[in-house]
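An overview of the molecular structure
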Amino acid sequence: MKQHRIKPKRRLTALLTAFCLLLSVLPISSLPVLAANGTLEGDGTEESPYQIADGDDLKAFRDLVNGGANDAWAVLTADIDLNPGYTFNTDGTYTGGTAPEQWTPIGKYNTVTDYLAYTGTFDGQGHTISGLYINIDEDDISSNQNFGLFSYLGSGGVIQNLGLVNSLVRTDERNMIVAGVVAHLDGAVQNCYNAGFVSGLTAVGGVVGNNNIGAIENCYNTGTVSGGKDARVGGIVGFNNRGIIKNCYSTGMVSSVESAYVGGVAGLVSNGTVTNCYYLDTCGKSDMGTAVTIAQIEDTGENGLLAKLADGSGEGVWNTTLSSVGSWEYGKPVIQPVLTWQTPIQ
């Protein structure tokens, strides 16, 4: 009986076909992601989240989410600098080079019918992201109307234990929502802080731009937040629309040109709640939250800001030791509360 051998070319074709069939039945979040420095470890599940160790890993994760795997879980394993060598200043300028790399946000929110919400859990594990740079002018054409590290955090999504430092997020285009951590929030942001510059013309916040039906808890802002005419501008959130803000504070300068919606905590609150939140009395006006003085922020006793925050959050959230804030503009406190995952600067 004559035997037939499979020719090498046919064998290769058969193997490729089988491989493609295998990929077709696997969920996107279970596939390995190739970053510039190799493979992004983990499979994006709660049990084995993606491990993000550097800027290339973060971009690979962003591209994965924006490609459709928007429920993937991830953790930071190190501090990340997206623009090494650059310094972003409190007045919106920068030094260190001529062209920082622009960041494309994670997720997208353009209209109520054109969006991609991130619904996984992103855990900073006590690390920071620096060098985030977004600068959109009125001539830029974009399918995204929300800018920050994340564009849109959907219901069920969580961002936690993360600090954003030495960053600049700015747009000169109306109808764009901007923030340091997440622009449009339906999920939860907890135990996070922003120390970067944020500026825009619509809803502008240090941590969150528009808190739609989400929750912001145990967060703080020390960055400068500014807005244009009629903008909603707040140290924690620009516009709080049916959302929750709890146990937060801001010492960053908050300002706007000819707008009545400027607040140390929130620029405008509509059917939402603000509980146990505070702002430096010289950083912005607000009827939401409680104004505190520099002396109260630096007070380590039962009447100080740290004690008030701890009373609201319970033990284990805010560090029991106040931290030096380094070199800040005139009028800022010398020491202030930080989260328990941060190491206080003495």
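Our structure is the block above this text.
Nothing here was measured: the structure is a model prediction, and the numbers come from that model.

A few words on the overall build of the protein. In terms of helices and strands, the protein carries four helices and 34 strands. Looking at the protein as a whole, 51% of its 346 residues qualify as buried. Summarising the internal contacts of the protein: among those between residues at least 6 apart in sequence, 73% fall at separations of at least 24. Element-wise, carbon and sulfur atoms account for 51% of the exposed surface of the protein, whose accessible area totals about 15,600 Å².

In this section: the environment of Leu 162. Structurally, Leu 162 is set in strand S14 (residues 158–171). Of the residues examined, Leu 162 reaches a relative accessible area of 2% and is grouped as buried. With 33 residues separating them in the primary sequence, Leu 162 and Ile 129 have C-alpha atoms 7.7 Å apart. Among all residues touching Leu 162, those that are not within four sequence positions of it are Leu 76, Phe 122, Gly 124, His 127, Ile 129, Leu 149, Asn 191, Cys 192, Tyr 193 and Trp 341.

Tallied over the entire structure, the rule returns 18 aromatic pairs. Measuring from centroid to centroid gives 5.3 Å for Phe 122 and Phe 150, while their planes differ by 75 degrees, and the two rings are edge-to-face. A residue pair is termed long-range when its members are at least 10 positions apart, and Phe 122 in strand S10 (residues 121–130) and Phe 150 in strand S13 (residues 150–153) qualify at 28 residues. The same class applies to Phe 122 as to Phe 150, namely buried.

Moving on to the sheet that holds strand S15 (residues 177–179). Strand pairing in a sheet relies on backbone hydrogen bonds. The paired strands run either parallel or antiparallel. If you walk across this open sheet you meet the five strands as S12-S15-S18-S23-S28, and the pairing is parallel. What marks the edges here is a single partner per strand, and that holds for strand S12 (146–147) and strand S28 (262–263). Across three bridges, strand S18 (residues 203–205) lies against strand S23 (residues 232–234) in parallel orientation. Each residue of the ladder has a partner; that of Val 204, found in S23, is Val 233.

This part is about the pairing of S14. Among the 14 residues that make up S14, twelve are buried, leaving the element largely enclosed by the rest of the structure. Relative to S14, S10 is paired through seven bridges, and the arrangement is parallel. Each bridged residue has a counterpart across the sheet, and for Asp 123 the counterpart in S14 is Gln 160. Sheet topology places strand S11 (residues 133–136) next to S14; four bridges connect them, and they run parallel. Counted as the bridge partner of Tyr 133 is Leu 168 from S14. Pairing geometry for S14 and strand S17 (residues 188–200), over ten bridges, is parallel. In the sheet register, Val 169 faces S17, and the bridge partner there is Val 198.

Among all positions in helix H4 (residues 305–313), only Leu 305, Leu 306, Ala 307 and Leu 309 are buried. Downstream of H4 by one or two residues, Gly 314 has phi in the positive range, about 90 degrees.

Our focus in this paragraph is unusual backbone geometry. Positive phi, close to 50 degrees, is recorded for Gln 125, a residue that is not glycine. Relative to the helices and strands, Gln 125 resides in strand S10. Since its relative accessible area comes to 44%, Gln 125 is described here as partly exposed. With phi around 55 degrees, Asn 161 is a residue other than glycine that occupies positive phi space. Inspection of the secondary structure puts Asn 161 in strand S14.

With that out of the way, let us pick up the environment of Gly 96. Here Gly 96 lies in the loop between strand S7 (94–95) and strand S8 (108–111). Non-local contacts of Gly 96, meaning those with residues more than four positions away in its chain, are made with Gly 85 and Tyr 86.

Quick look at the sheet that holds strand S24 (residues 237–241) now. Strand order across the open sheet formed by five strands is S13-S16-S19-S24-S29, with parallel pairing between neighbours. Edge positions in the open sheet fall to S13 and strand S29 (266–270), since each of these has one partner strand only. The mean angle between the axes of side-by-side strands here comes to 10 degrees, regardless of whether they run parallel or antiparallel. As paired elements, S24 and S29 share four bridges and run parallel to each other. Note that in S29 the partner of Asn 241 across the bridge is Ser 270.

Rules used throughout
- Residues numbered from 1 in each chain as written.
- Predicted model: local features only at pLDDT ≥ 70, side-chain atom pairs only at ≥ 80, totals over all residues.
- Heavy atoms only, no water.
- Helix = DSSP H or I, 4+ residues; strand = E, 2+ residues; numbered from the N terminus.
- Buried < 20%, exposed > 50% of the residue type's maximum accessible area, 1.4 Å probe, protein only.
- Contact = heavy atoms within 4.5 Å.
- Areas by Shrake-Rupley, 256 points an atom, 1.4 Å probe, with all protein chains shown as cover.
- Phe/Tyr/Trp six-rings, centres within 6.5 Å; stacked < 30°, edge-to-face > 60°.
- Pairing = 2+ DSSP bridges.
- Axes fitted to C-alpha atoms, helices over the stretch in contact; angles between N-to-C directions.

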